[in-house]
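Chain residues, written in single-letter form:
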Amino acid sequence: MTRKKPIVALIYDFDGTLSPGNMQEFGFIQAIGKTPEEFWKMSNDISMGQDMSNILSYMKLMIDEAKEAGISLTRDTFVSFGKHIRLFEGVKEWFSLINDYGKRHGVTIEHYINSSGLTEMIEGTVIAHEFKKIFACSFLYDSSNAAVWPAVAVDYTGKTQFLFKITKGILDISDNTKVNESQKDDQKPIPFNNMIYFGDGETDIPCMKIVKMFGGNSIAVYQESDIGKFKTARKLLRQERVNFICKADYTINGEIYKVVTTIIDKVKSEDEFVKLQRKIKNKAI
């Protein structure tokens, strides 16, 4: 398969990567009358006490606490909470900035979310339209549009499945057939070496490691004010889990912009090299 332009996939974790904190902390937790510390302790206690996935425990707790507080937890409710999510500096402008760079350099840029947060809340953010697909947790809704059960729960290892969907161009979360079909690397819409994965911590390690292992690039994002996150990022770099660590500054003057545009240049050069090599080889046929 010959591609007119190489596609570079930018794949982002959300909480701590594009936003400074967990999305539930920007409105929902306050609405149920709890502090973030109280909510997450309750969730962790359920998880540990029931030997339960911590993702499923927080999703179940959200349903229970909303019901206790008299909040109708519909899809629209989640979206309304999502409107209050704070984003790191430059994130709102990042997508047009990097899309324009790709266009000027003959590369198509696609953006994806790969998160253990909630799809419905991310859909409420001002940047939701920028993503080709949001792979994240979501709820099942009853006939009155109220959340009743987790539909998709994405933990740190579960995130890795979406990398394989992205490389094959599969956007259906429920697909479990096409994703397992054998496909040659040169037939994949987005090879792993054309991926850039953004994460902020240890829960992103499986994805970071897979992308890096298969020739792509992983970036550990940290908040300058959070010493713990900075130490984690440095550890990931020392352990060779990631290619780069960068401060959470998505402006044109930030280190992330420099790193990503350099990777885009590399992908473009490698694509031109492969095409030239193929052209020369065809002369011998």
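Residues numbered from 1 in each chain as written. Predicted model: local features only at pLDDT ≥ 70, side-chain atom pairs only at ≥ 80, totals over all residues. Heavy atoms only, no water.

Undergrad: Can you walk me through helix H8 (residues 205–213) in this structure?
TA: All buried positions along H8 are accounted for by Ile205, Pro206, Cys207, Met208, Ile210 and Val211. Looking at the packing, one finds that the buried side of H8 touches strand E2 (108–118), helix H7 (159–168), strand E5 (195–199), strand E6 (217–222) and helix H9 (227–238). Directly beyond the C-terminal end of H8, a positive phi value near 100° is found at Gly215. (Buried < 20%, exposed > 50% of the residue type's maximum accessible area, 1.4 Å probe, protein only. Helix = DSSP H or I, 4+ residues; strand = E, 2+ residues; numbered from the N terminus. Contact = heavy atoms within 4.5 Å.)

Undergrad: Would you explain the sheet that holds strand E7 (residues 244–247) in this entry?
TA: Across a sheet, strands are paired by hydrogen bonds formed along the backbone, either parallel or antiparallel in direction. The sheet built from seven strands is open, its strands ordered E4-E3-E2-E1-E5-E6-E7 with mixed pairing. This sheet does not close on itself; its edge strands, each paired only once, are strand E4 (147–152) and E7. Going across the sheet, the axis of each strand differs from the next one's by a mean of 25°, ignoring polarity. Both E6 and E7 contribute to a ladder of four bridges, which runs parallel. When the sheet's bridge partners are listed, Tyr222 is paired in E7 with Lys247. (Pairing = 2+ DSSP bridges. Axes fitted to C-alpha atoms, helices over the stretch in contact; angles between N-to-C directions.)

Undergrad: Looking at this structure, I do not really get the packing of H7 against H8. What am I missing?
TA: How two helices sit against one another is set out by the angle between their axes and by the gap between those axes. Direction vectors running N to C along H7 and H8 enclose 35°, while the axes themselves pass 8 Å from each other. For the pair H7 and H8, the crossing hand works out as right-handed. Side by side, H7 and H8 meet where Lys159, Thr160, Leu163 and Phe164 of the first sit next to Pro206, Cys207, Ile210 and Val211 of the second. (Left-handed = near helix turned anticlockwise from the far one by under 90°.)

Undergrad: Looking at this structure, how should I read the environment of Gly228?
TA: For Gly228, the location among the structural elements is in helix H9. Separated by 27 residues in the primary sequence, Gly228 and Gly201 place their C-alpha atoms 9.8 Å from one another.

Undergrad: Explanation requested: unusual backbone geometry in the structure shown.
TA: Excluding glycine, residues mostly have negative phi values, and the peptide bonds linking residues are mostly trans. With phi around 50°, Asp51 is a residue other than glycine that occupies positive phi space. One can find Asp51 in the loop between helix H2 (36–50) and helix H3 (54–68). Despite not being glycine, Asn145 has its phi angle at roughly 70°, a positive value. The topology assignment puts Asn145 in the loop between strand E3 (133–141) and E4. Of the residues examined, Asn145 reaches a relative accessible area of 32% and is grouped as partly exposed.

Undergrad: Would you explain the pattern of salt bridges in this entry?
TA: Where charged atoms from two side chains of opposite charge come close, those side chains can pair. Within this structure, the stated rule accounts for 13 salt bridges. Residue Asp45 is joined to Lys41 by a salt bridge in which the shortest nitrogen-to-oxygen separation is 2.9 Å. In this pair, Asp45 and Lys41 both sit in helix H2, four residues apart, roughly one turn of the helix. Residue classification places Asp45 among the partly exposed positions, given a relative accessible area of 42%. Looking at Lys41, the relative accessible area reads 53%, which means it is exposed. The network of salt bridges with common partners includes Asp13, Lys159 and Asp204. (Salt bridge = Lys/Arg side-chain N within 4 Å of Asp/Glu carboxyl O.)

Undergrad: Is there a simple way to think about the pairing of strand E1 (residues 7–12) in this case?
TA: Regular strands place their side chains on alternate faces of the sheet. For E1, the buried fraction is high: six of the six residues fall into the buried class. Alternating residues of E1 divide into Ile7, Ala9 and Ile11 and Val8, Leu10 and Tyr12, and every residue in both groups is buried. Pairing analysis gives six bridges linking E1 to E2, with the strands arranged parallel. Of the residues in E2, the one forming a bridge with Tyr12 is Ile113. Sheet topology places E1 next to E5; four bridges connect them, and they run parallel. Looking at E5, one finds that Tyr12 is bridged to Phe198.

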